[in-house]
Amino acid sequence: MKHILLLTLSIVLGVSLLNAQTYKTRDGYLTFNPNKDQSHKDYAAASKEATAVLKVETSEVALLVPMKTFHFNNALLEEHFNENYLHTDKIPNASYKGKLIGFTKDMLEKDGTYNFTSEGQITLHGVTQAFKSPVKLEVKNKVATFYCDFPIQADKFNIDIPAVVKPKLADQTPISATIKFQL
Amino acid sequence: MKRITLFTVLCLLLGQFRAMAQDDLLGDLVKEDSAKPKQNITAGTFKSTRVINMQSVEMTGKGNLQFMISHHFGNVWENGKGWSNLANFLGLNAGVANTLLSLDYSPTTWGNVGLALTGKAQYEVWGKIKLLRQQTGERNIPITLDWFSTMHIDCSEGASPEDFVWNRMSYLHQILIARKFNDKLSLQLTPSYVHYNYTPFYDYKSSGGHQANNVFSVGVGGRYKFTSKKALTFEYSRQLNGYKDLYSSETGSMINYYPDIISLGYDWDTGGHIFQFYVSSTTAASNITQLSRNTSDFKQGNFSLGFTINRSFGVKKVVKTAP
């Protein structure tokens, strides 16, 4: 009687776990360089503490990055980024929630490079915008790495950049994300 | 058997519930993130590495090189000079000005070294160490505490030919204690100690003048930010020895020195540079001269205009393009 009970329990739990197969990572890497001249790296910043989840069955993804984990080459700019532009004391996180369109479960099982798109909503500086971008997936040795390069336009997210600084910055800030999942 | 069926159904239901609960992927991440213990280290207590004249607890960021130009003009108005004060354009065109040019670099987040040309053939090298950082979270520290030490050397042509290098050196040691009370208000307390290796004409009992190797002073400073880029600053520093008369090492003649320094300033952060404009009851550029040998008396209205420009460069690139 007890055995049957345990068996049932393990099957049920097993099934429910399988059902909700998710992968999680804590060291997602995001980097950007807002400079007009991309070879000039003085303004570049990066965060290596983005967290992300991938739910395989539904191809859903979510990403969260605490804005204070972005560190700059120039320390003064880091202060400006936090205090004047993104107000990170009040709005600590940026996030993305969306779906991978064209992603299938088998991609994770076979080494290779795959291309598809991701569609969803990005929230930055408290403003939510629709998002669509191509994504590259590289599966190798039980590691799935998602690459996504996308532009962000500061004024769409109510980020106020002073007129003095504006001519030095690119209209569309290119951001690149590298998210690795251990399979 | 009935119980098992019931249990199975219950488990299945629970399993379903679990799966449903995990649908909000982003919500999970947010929850996880907010559950993490966070240490909030206070940044930007002051805009610049100086409040006005005195050092602030701030230092140039890690891997950054900072270039600073500081300029103290002549007195705005000197009693008895009358209209020639206007001809001097309130000190800006007086021909007497002290300039400080400095370069400093922070190899770590807690250490800073620099060198400066402080005018009249004087040089300075310094080190600044951050001992405590104001923070909240698991660990609470209410203040930021820095140690600052400068070595000053006077390379000007001296009165006596048998002048040793050793005799030309003086030092300043300061403890910088600051607290950022809120977004706008920061205050700092600074006890200082100036030491001269050699002071000529020390025999003040027979001569009537004061000359000491050790000069103590205490200063308070603060800033009030009224927009994210603009701030008002103030500073008051008092020499505790209280000397008003000292002998000049160069000529041997008596010079009046005043123990108080009052300064009022305006900080303007343009995004790339930090400009500081101020009026101050000192015309000296070096901290050591200001604290121990200030010739401006604020009671007579001896204030002078000045400005400081800061620019920092990211020398060491810390950001990688890929992980």
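Figured I'd write up the structure that's included with this text. No experiment lies behind these values; they were computed from the predicted model shown.

The subject of this paragraph is the overall build of chain B. Helix and strand counts for chain B come out as 5 helices and 16 strands. Across the 323 residues that make up chain B, the buried fraction comes to 36%. A separation of at least 24 residues holds for 60% of the contacts in chain B among residues at least 6 apart in sequence.

Time to look at the overall build of chain A. What chain A contains, in helices and strands, is 2 helices and 9 strands. Along chain A, helices and strands appear, N-terminal first, in the series α-β-β-β-β-α-β-β-β-β-β. Buried positions account for 31% of the 183 residues belonging to chain A. Partitioning the intrachain contacts of chain A with sequence separation of at least 6 by distance along the chain shows that 55% fall at a separation of at least 24.

Glancing now at the pairing of strand 1 (residues 22-32) of chain A. Successive residues of a regular strand alternate their side chains across the two faces of the sheet. Where strand 1 of chain A meets strand 2 (residues 45-55) of chain A, 8 bridges bridge the pair, whose relative direction is antiparallel. Each residue of the ladder has a partner; that of Gly28 of chain A, found in strand 2 of chain A, is Ala50 of chain A.

Attention shifts here to the sheet that holds strand 16 (residues 304-314) of chain B. Around the barrel, 12 strands lie side by side as 2-3-4-5-7-8-9-10-11-14-15-16 (chain B); this closed barrel has antiparallel pairing. For this sheet, the mean angle separating the axes of adjacent strands, direction not counted, is 20°.

Bringing the nonpolar core into the picture now. Within the largest apolar cluster, 41 residues are counted, with the highest numbers of intra-cluster contacts made by Ala45, Ala52, Val53, Val61, Ala62, Leu63 and Leu64 of chain A. If you tally residues by element for this core, the top one is strand 2 of chain A, at 6 residues. Discounting residues that sit within four places of it in the chain, Ala52 of chain A has contacts with Thr25, Gly28, Val61, Ala62, Leu63 and Ile179 of chain A. With 10 residues, the next largest nonpolar core counts Phe46, Val57, Trp126 and Leu176 of chain B among its residues.

Inspection of helix 2 (residues 75-85) of chain A places Ala75, Leu76, Leu77, His80, Phe81 and Tyr85 of chain A among the buried residues, and these make up the whole buried set. At its buried positions, helix 2 of chain A is contacted by strand 4 (71-72) of chain A together with strand 2 (64-75) and strand 16 of chain B.

Attention now goes to unusual backbone geometry. All names here are of chain A. A positive phi is found at Asn141, a non-glycine position, where the angle reads about 45°. When you line up the elements, Asn141 lands in the loop between strand 7 (127-140) and strand 8 (143-152). According to the C-beta neighbour criterion, Asn141 is exposed, with 6 such atoms within 10 Å.

What follows is about the pairing of strand 7 (residues 144-154) of chain B. Residues and elements named next belong to chain B. Of the two faces of strand 7, only one is covered, namely that formed by Thr144, Asp146, Phe148, Thr150, His152 and Asp154; the face formed by Leu145, Trp147, Ser149, Met151 and Ile153 stays uncovered. Where strand 5 (residues 122-132) lies against strand 7, 10 bridges are found, and the strand directions are antiparallel. Looking across to strand 7, one finds that Gln122 is bridged to Asp154. Pairing of strand 7 with strand 8 (residues 169-180) involves 10 bridges; the strand directions are antiparallel. Paired with Phe148 across the two strands is Gln174, which belongs to strand 8.

The next point concerns the environment of Asp33 of chain B. Of note, Asp33 of chain B is situated in helix 2 (residues 25-35). Ignoring anything within four residues of it in the chain, the contact list for Asp33 of chain B reads Thr51, Leu64, Pro66 and Asn93 of chain A.

About the thresholds
- Residues numbered from 1 in each chain as written.
- Chains lettered and ligands numbered in written order.
- Predicted model: local features only at pLDDT ≥ 70, side-chain atom pairs only at ≥ 80, totals over all residues.
- Helix = DSSP H or I, 4+ residues; strand = E, 2+ residues; numbered from the N terminus.
- Buried ≥ 20, exposed ≤ 12 C-beta atoms within 10 Å, placed from the backbone.
- Contact = placed C-beta atoms within 7 Å.
- Pairing = 2+ DSSP bridges.
- Axes fitted to C-alpha atoms, helices over the stretch in contact; angles between N-to-C directions.
- Core = buried A, V, L, I, M, F, W, Y, C linked by C-beta atoms within 7 Å.

This is a description of form; function is not addressed.
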